[in-house]
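Structural description and commentary
Next come the chains, spelled out residue by residue.
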Amino acid sequence: MTQSKTPFIVVLSLALTMMLGPFSMDTYLPAFPAIGESLGVSQQAVSLSVSVYVFAMALGQLIGGALSDRFGRQRVLMSGLAIFALSSIAIGMADSLNTLLGGRAIQAIGAGLTLVSVPALVRDRVSGRDAAKLFSMMGFIMVLAPGIAPSVGSAILSLGSWHYIFFVLAAYAVLLVPLLIRVLFTGKGRVPRAKSPQMSLLARYKLVLSTKPALPFIAWQAASFSTLMMFITYASFIYQGHFEQSPSSFSMLFAANIVAMLFFNILNRILLSRLPSLRILQLATGCQALGILLLLMAAFLEWPLYAFLAAMMLTIGTVGAISPNIQACFLEFFPTSGGTAAALLGAAQFGIAGILSALSALLPHTLEAVVLAMAACGSVAYLLLARSIIKGRAAVEAP
């Protein structure tokens, strides 16, 4: 099946499912001060919930990916939604930091089981450039989530306690169930998977890890995503702490970065009609490197807020083109093990990002330290960019 034959309602359903991830990470960001005050802890302690969530999501994806190849996408996806909804309700009743962190860990495992099924469902339907286009179209819809999530969180806060944010997340997960059953798993929306060989979970991961040409894309995704996660983790500190902006202004400033992601996502969809995914990936990573350089200058030369914002928009916006092309390039190697491959890619990006985000708490709580941490994460992606260009030139020059 090609993307042109993929109904828009299918694309929308996949995107709405993927939106569960950014919604669960970003909706409660404006509530950090309120959560800290309610639980009697600092905002920095509350920010640990981001790292816990990201790391646990990696575990959920590792578990869910191979299981979805073996037992089917529907069982794993629906189980993930159930775990997510129940844990969200538990977080909504939390009265201590430990309860918050424990609930976030379980919630993230449910999200991991859910989200890892989506790239596999895409790979079941399309491949190659068509997959990149479908990922990009999904991304266009999905990227709206982190843009509106803080505003949604602020609106809920204005109506009541921060606890209500997690009750809304639980309701969102529950409402996805009938939509997905109707659109993806029954009738014309159901697509048969390529027959997957019978093997253990470890054997499936060994098969993926033994595909050496695909492995650089795992590191590439982890590096680029870690740069994004550093920003998400410290966005409240950057704009509300360092630049002393109000919660409503923070929501607008945060949304500006999402607008940049939308721009690069749209540009990516246009370029995919003319260029292969790998070439677009190289160009987007180069743009991100330029953004990081400008960000370093903005931080250390004390540029004003809106000059800093422009540099951050370029750095974060390019993820809108980087991520869909990495997924397409990587999954192209695994026609019968899409779930396992997607799990490894997702687990690597969330696991590494979670560890680095947690370790960043040891750094000085300054804008310069945050930007340096982002630059360190991005540097791995830039090295892989250089490697891919060198290998491409060598292939062209080879007789």
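This text follows the structure it describes.
Being a predicted model, the structure only gives us computed values, none of them experimental. (Residues numbered from 1 in each chain as written. Predicted model: local features only at pLDDT ≥ 70, side-chain atom pairs only at ≥ 80, totals over all residues. Heavy atoms only, no water.)

**Some words on the overall build of the protein**
Under the convention used in this document: Helix and strand labels come from DSSP, where a helix needs a run of H or I of at least four residues and a strand needs a run of E of at least two; each type is numbered from the N terminus. The atom set for the radius of gyration is the C-alpha atoms, and the globule formula is 2.2 Å times the number of residues raised to the power 0.38. Summary of the burial criterion: residues with accessible area below 20% of their type's maximum are buried, those above 50% are exposed, and those between are partly exposed, where the area comes from a 1.4 Å probe applied to protein chains only. Contacts are assigned to residue pairs that have any heavy atoms within 4.5 Å of one another. Here the accessible surface of atoms and residues is derived via Shrake-Rupley with a 1.4 Å probe, and residues count as covered only by protein chains that are part of the display.
In terms of helices and strands, the protein carries 19 helices and 0 strands. A compact globule built from 399 residues should have a C-alpha radius of gyration of about 21 Å, and the protein, at 20 Å, falls within 12% of that. The principal-axis extents of the C-alpha atoms in the protein amount to approximately 55 × 50 × 35 Å. The burial tally for the protein puts 56% of its 399 residues in the buried class. Within the protein, counting contacts between residues at least 6 apart in sequence, those at least 24 apart form 86% of the total. Of the roughly 16000 Å² of accessible surface on the protein, 70% is carried by carbon and sulfur atoms.

**Describing the packing of aromatic side chains**
The line we're drawing: Side-chain rings of Phe, Tyr and Trp (the six-membered ring for Trp) are treated as a pair once their centres are within 6.5 Å; stacked means planes under 30 degrees apart, edge-to-face means over 60, and tilted covers the remaining angles.
Applying the stated criterion to the full structure yields 14 aromatic pairs. Considering the side-chain rings of F23 and Y172, the 5.6 Å spacing of their centres and the 50 degrees angle between planes classify their relative orientation as tilted. Here Y172 lies in helix α11 (residues 163-183) and F23 lies in helix α2 (residues 20-26), a separation of 149 residues in the sequence. F23 sits in the buried class, given a relative accessible area of 11%. Taking the relative accessible area as the measure of exposure, Y172 reaches 22% and is therefore partly exposed. Their ring planes at 75 degrees and their centres at 6.3 Å tell us that F231 and Y239 sit as a pair that is edge-to-face.

**Description of unusual backbone geometry**
One non-glycine residue, E244, lies in the positive phi region at around 55 degrees. Relative to the helices and strands, E244 is located in the loop between α13 (215-242) and α14 (247-271). A positive phi is found at E302, a non-glycine position, where the angle reads about 55 degrees. Residue placement: E302 occurs in the loop between α15 (277-300) and α16 (305-317). E302 sits in the exposed class, given a relative accessible area of 68%.

**A closer look at α15**
The cut-off we apply is this: Multiplying 1.5 Å by the helix residue count minus one yields the expected span of that helix.
Between its terminal C-alpha atoms α15 stretches 35 Å, which fits the 34 Å expected from 24 residues at 1.5 Å a residue. Three or more residues of α15 are buried, namely S277, I280, L281, Q282, A284, T285, Q288, G291, I292, L295, A298 and A299. Downstream of α15 by a residue or two, E302 has a phi angle that is positive, lying close to 55 degrees.

**Thoughts on the packing of helix α12 (residues 201-209) against helix α18 (residues 338-359)**
Stated precisely, the cut-off is as follows: Note on geometry: axes are lines fitted to C-alpha atoms, helical ones only across the stretch in contact, with angles between N-to-C directions running from 0 to 180 degrees. An angle below 35 degrees is treated as roughly parallel, one above 145 as roughly antiparallel, one from 65 to 115 as roughly perpendicular, and anything else as oblique. Polar here means any residue outside two lists: the nonpolar Ala, Val, Leu, Ile, Met, Phe, Trp, Tyr, Cys and Pro, and the charged Asp, Glu, Lys and Arg; Gly therefore counts as polar.
Where α12 meets α18, the axes come as close as 9 Å, and the angle between the chain directions of the two elements is 75 degrees. The orientation of α12 with respect to α18, classified from their angle, is roughly perpendicular. In contact with R204, Y205, V208 and L209 of α12, α18 contributes T340, A341, A343 and L344. Class assignment of the residues belonging to the contact of α12 with α18 gives a composition of 6 nonpolar, 1 polar and 1 charged.

**Here's the deal with α18**
With 22 residues, α18 should cover 32 Å at 1.5 Å per step; its first-to-last C-alpha distance of 31 Å lies within 8% of that length. With 17 of 22 residues buried, α18 is to be regarded as a mostly interior element.

**What to know about the nonpolar core**
Applied cut-off: Residues enter a nonpolar core if they are buried and are Ala, Val, Leu, Ile, Met, Phe, Trp, Tyr or Cys, with the set joined through side-chain atoms within 4.5 Å.
In terms of nonpolar packing, the biggest core is built from 129 residues, with F231, I238, Y239, F308 and F330 touching the most fellow members. The element contributing the most residues to this core is α13, with 15 residues. Setting aside residues no more than four positions away along its own chain, F308 makes contact with I238, Y239, F243, L295, A298, L367 and V371.

**Details of the environment of A219**
You can see A219 is positioned in helix α13. Given a relative accessible area of 33%, A219 falls into the partly exposed group. Taking the C-alpha atoms as reference points, A219 and I352, separated by 133 residues in sequence, lie 9.4 Å from one another. For A219, the residues in contact, after removing those within four places along its chain, are V380 and L384.

**Some words on the state of the cysteines**
We apply this condition: We call a pair of cysteine sulfur atoms a disulfide whenever their separation is within 2.5 Å.
Inspection of every chain in the model, using the stated rule, returns 0 disulfides. Cysteine C287 shares no disulfide, and the gap to the nearest cysteine sulfur, in C329, comes to 16 Å.

**Some details on a nonpolar patch on the surface**
Quick note on the threshold: Surface patches are drawn from residues lacking salt bridges whose relative accessible area is over 30%; two like charges belong together within 9 Å, two nonpolar side chains (Val, Leu, Ile, Met, Phe, Trp, Tyr) within 5 Å. For this document, the term salt bridge refers to a Lys or Arg side-chain nitrogen within 4 Å of an Asp or Glu carboxyl oxygen.
Among the surface-exposed residues, F55, I352, I355, L356, L359 and L362 lie close enough to one another that they form a single nonpolar patch of about 570 Å² accessible area. The dominant element in the nonpolar patch, judged by the number of residues it contributes, is α18, at 4 residues. Within the secondary structure, I355 is located in helix α18. Classification of I355 by relative accessible area gives partly exposed; the value is 42%.

**Considerations on the environment of S51**
Residue placement: S51 occurs in helix α5 (residues 48-71). S51 sits in the buried class, given a relative accessible area of 7%. As for S51 and L356, which are separated by 305 residues in sequence, their C-alpha atoms are 8.4 Å apart. Sequence-distant contacts of S51, that is, excluding residues within four places in its chain, are made with G354, S357 and A358.

**Structural notes on the side chain of Q107**
Relative to the assigned elements, Q107 resides in helix α7 (residues 97-115). We classify Q107 as buried; its relative accessible area is 0%. Apart from the residues lying within four places of it in its own chain, the contact partners of Q107 are Y53, F84, S87, S88, I91, F166 and L169.

**Observations regarding the side chain of R104**
Rule in force here: Here a polar contact is recorded for every N or O atom pair within 3.5 Å, except that within protein the pair must consist of a potential hydrogen donor and a potential acceptor, and residues adjacent in sequence are included only if both atoms are side-chain atoms.
Examined against the element boundaries, R104 turns out to sit in helix α7. There is a polar contact of 3.3 Å between the side chain of R104 and the side chain of Y28. Other than its neighbours up to four places away in sequence, R104 contacts S24, M25, Y28, S49, Y53, I91 and F166.

Without other data, these values stay purely geometric and don't point to any function.
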